[in-house]
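Descriptive analysis of the structure
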Amino acid sequence: MDSLHAMLRSIRPETKAAKDHLTVFREFLAHLDALQHQAPNARAPMRRKGARKA
């Protein structure tokens, strides 16, 4: 099977350049950062337990 894959790669080399893991991770972090800046602040102020609403 390995020799078959090697032969196929020699006939038709990969057209996509493989990204390294660090580049993919940086892109993931960039997407998370962009989503964080787009999201409205949905957190309501937290009250302490036992505190009464005025």
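Above this text is the structure in question.
Attention in this report is confined to the structure presented alongside it. (Residues numbered from 1 in each chain as written. Predicted model: local features only at pLDDT ≥ 70, side-chain atom pairs only at ≥ 80, totals over all residues. Heavy atoms only, no water.)

**Things to note about the overall build of the protein chain**
For the protein chain, the helix and strand inventory stands at two helices and zero strands. Looking at the 54 residues of the protein chain, the share that counts as buried comes to 0%. Counting only carbon and sulfur atoms, one obtains 59% of the accessible surface of the protein chain, whose full area is about 6200 Å². (Helix = DSSP H or I, 4+ residues; strand = E, 2+ residues; numbered from the N terminus. Buried < 20%, exposed > 50% of the residue type's maximum accessible area, 1.4 Å probe, protein only. Areas by Shrake-Rupley, 256 points an atom, 1.4 Å probe, with all protein chains shown as cover.)

**A word on a nonpolar patch on the surface**
Judged by side-chain polarity, Leu22, Phe25, Phe28, Leu29, Leu32 and Leu35 come together as a nonpolar surface patch covering roughly 570 Å² of accessible area. On the secondary structure map, leucine 32 appears in helix 2 (residues 21-38). Residue leucine 32 is classed as partly exposed on the basis of its relative accessible area of 41%. (Patch = residues over 30% accessible without salt bridge, like charges linked within 9 Å, V, L, I, M, F, W, Y side chains within 5 Å. Salt bridge = Lys/Arg side-chain N within 4 Å of Asp/Glu carboxyl O.)

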